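Each chain, written out:
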Amino acid sequence: AQSVAQPEDQVNVAEGNPLTVKCTYSVSGNPYLFWYVQYPNRGLQFLLKYITGDNLVKGSYGFEAEFNKSQTSFHLKKPSALVSDSALYFCAVRDGTGGYNKLIFGAGTRLAVHP
Amino acid sequence: DTAVSQTPKYLVTQMGNDKSIKCEQNLGHDTMYWYKQDSKKFLKIMFSYNNKELIINETVPNRFSPKSPDKAHLNLHINSLELGDSAVYFCASSLYSAGANVLTFGAGSRLTVL
């Protein structure tokens with residue numbers, strides 16, 4: 001079965017510093033990978049996706065993610081963190097088992113950006 | 001002009017009661033989903049409908065019954081509520097033909113069972 005793992009429950013970073021939120025995946029076949037963000041009391045919002053092509057994917061709000069096939073990773077990054085980036089971040093993988101696509105989400109990583 | 005709207009936003013009820021959550025999307029999407037987010041923020045798919053047809057039905061108790069009267073609406077009815085049903089339920093939609101599953105989520109419906 002397809003799955004993703006987010007090894008960190010929480011990531012703390014100072015405003016202005018670079019941030020990385022980690023994600024590793026386990027899939028059969030080519031991975032379709034996603035990052036979503038959830039702000040307090042809100043639904044998830046799509047940030048970016050990797051389907052094929054360049055390993056560095058750029059998304060919303062200045063975020064980017066790097067697909068690394070050899071390490072089966074898809075880490076989310078941002079060069080300079082903002083306090084407003086503080087939220088819950090979910091990595092997800094598409095699972096097409098059974099003929100219909102669905103997203104399988106990781107457990108989430110809470111990002112706390114301190115002033 | 002909300003894209004995916006859910007009602008009610010909050011629902012507090014007693015064990016054993018029956019309740020419904022409604023979802024509507026105005027994005028022209030053909031696929032809708034229900035996800036459950038537990039107290040540890042873990043998110044798990046429950047159901048999915050494509051053009052009113054049930055296509056995904058995860059291991060969910062049959063006390064949960066989704067209904068899709070048309071492709072813009074997906075409702076969730078829960079019978080005989082239990083304490084463990086307390087969670088935030090998210091509706092989402094996507095355009096299935098796009099293949100890459102970019103979901104648009106509603107703001108969630110927080111269900112508390114006492």
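For the structure itself, look to the data block above.
Chemist: I would appreciate a short explanation of the interface of chain A and chain B in the present structure.
Modeler: Opposite the 22 residues of chain A that make contact, chain B presents 23 residues. At the junction of chain A with chain B, the criterion picks out 1 salt bridge. A:Lys102 serves as the salt-bridge partner of B:Glu58, at 2.6 Å between the closest nitrogen and oxygen. Put simply, chain A and chain B have 4 residue pairs in polar contact (both at pLDDT 80 or more) between them. Considering only residue class, the side of chain A that touches chain B consists of 12 nonpolar, 5 polar and 5 charged.

Chemist: It is not clear to me how the sheet that holds strand β3 (residues 19-25) of chain B should be interpreted in this structure. Could you clarify?
Modeler: By way of backbone hydrogen bonds, the strands of a sheet pair with one another, either parallel or antiparallel. Residues and elements named next belong to chain B. Taken in spatial order, the 4 strands make up an open sheet running β1-β3-β8-β7, and their pairing is antiparallel. The sheet terminates laterally at β1 (4-7) and β7 (64-70), the two strands that pair on one side only. Pairs of neighbouring strands in the sheet enclose a mean axial angle of 15 degrees, with direction left out of account. Bridging between β7 and strand β8 (residues 73-78) involves 5 bridges; their strand directions are antiparallel.

Chemist: Explain the environment of A:Lys77 here, please?
Modeler: Residue and element names in this part refer to chain A. Mapped onto the elements of the fold, Lys77 is located in strand β9 (residues 73-78). Lys77 gets classed as partly exposed once you look at its relative accessible area, which sits at 27%. Remark: the alpha-carbon pair of Lys77 and Thr20, spanning 57 residues in sequence, is separated by 4.5 Å. Here Lys77 is in contact with Leu19, Thr20, Gly62, Phe63, Glu64 and Glu66, once residues within four sequence places are set aside. In this structure the side chain of Lys77 is engaged in a polar contact, spanning 3.3 Å, whose partner is the side chain of Glu66.

Chemist: Hey, could you run me through the packing of aromatic side chains in this one?
Modeler: Given two aromatic rings, their pairing is described by the distance between the two centres and the angle made by the two planes. As enumerated under the stated definition, the model contains 14 aromatic pairs over all chains in all. On the basis of an interplanar angle of 70 degrees and a centroid distance of 6.2 Å, the ring pair of A:Phe105 and B:Phe105 is categorised as edge-to-face. Taken together, the residues A:Phe105 in strand β11 (residues 102-105) and B:Phe105 in strand β10 (residues 104-105) connect one chain to another. Here B:Tyr33 and B:Tyr35 contribute two aromatic rings whose centre-to-centre distance is 6.4 Å and whose plane-to-plane angle is 40 degrees, an arrangement assigned as tilted. There is no split in this pair, since B:Tyr33 and B:Tyr35 are both buried. Taken together, the ring pairs in this structure connect A:Tyr36, A:Phe46, A:Phe90, A:Phe105, B:Tyr33, B:Tyr35, B:Phe90 and B:Phe105 into an aromatic cluster. Across from the ring centre of A:Tyr32, 3.9 Å away, lies the NZ or CZ of A:Arg94, which sits over that ring.

Chemist: Explain the pattern of salt bridges here, please?
Modeler: Side chains that carry opposite charge are capable of pairing whenever their charged atoms lie near each other. This structure, assessed with the given rule, holds 7 salt bridges over all chains. Note that A:Glu64 and A:Lys58 form a salt bridge whose closest N and O atoms lie 2.9 Å from each other. A residue is classified by how much of its surface remains accessible, and A:Lys58, at 63% relative accessible area, is exposed. The salt bridge involving B:Asp85 is made with B:Arg63; its shortest N-O contact spans 2.8 Å. Here the residue B:Asp85 occupies a position in the loop between β8 and β9 (87-94), and B:Arg63 occupies one in the loop between β6 (53-57) and β7, the gap between them amounting to 22 residues. Look at B:Asp85 and you get buried, because its relative accessible area is 3%. Taking relative accessible area as the criterion, B:Arg63 reaches 14% and is therefore assigned buried.

About the thresholds
Residues numbered from 1 in each chain as written. Chains lettered and ligands numbered in written order. Predicted model: local features only at pLDDT ≥ 70, side-chain atom pairs only at ≥ 80, totals over all residues. Heavy atoms only, no water. Contact = heavy atoms within 4.5 Å. Salt bridge = Lys/Arg side-chain N within 4 Å of Asp/Glu carboxyl O. Polar contact = N/O pair within 3.5 Å; in protein donor to acceptor, adjacent residues only side chain to side chain. Nonpolar A, V, L, I, M, F, W, Y, C, P; charged D, E, K, R; others polar. Pairing = 2+ DSSP bridges. Helix = DSSP H or I, 4+ residues; strand = E, 2+ residues; numbered from the N terminus. Axes fitted to C-alpha atoms, helices over the stretch in contact; angles between N-to-C directions. Buried < 20%, exposed > 50% of the residue type's maximum accessible area, 1.4 Å probe, protein only. Phe/Tyr/Trp six-rings, centres within 6.5 Å; stacked < 30°, edge-to-face > 60°. Lys NZ or Arg CZ within 6 Å of the ring centre and 35° of its normal.

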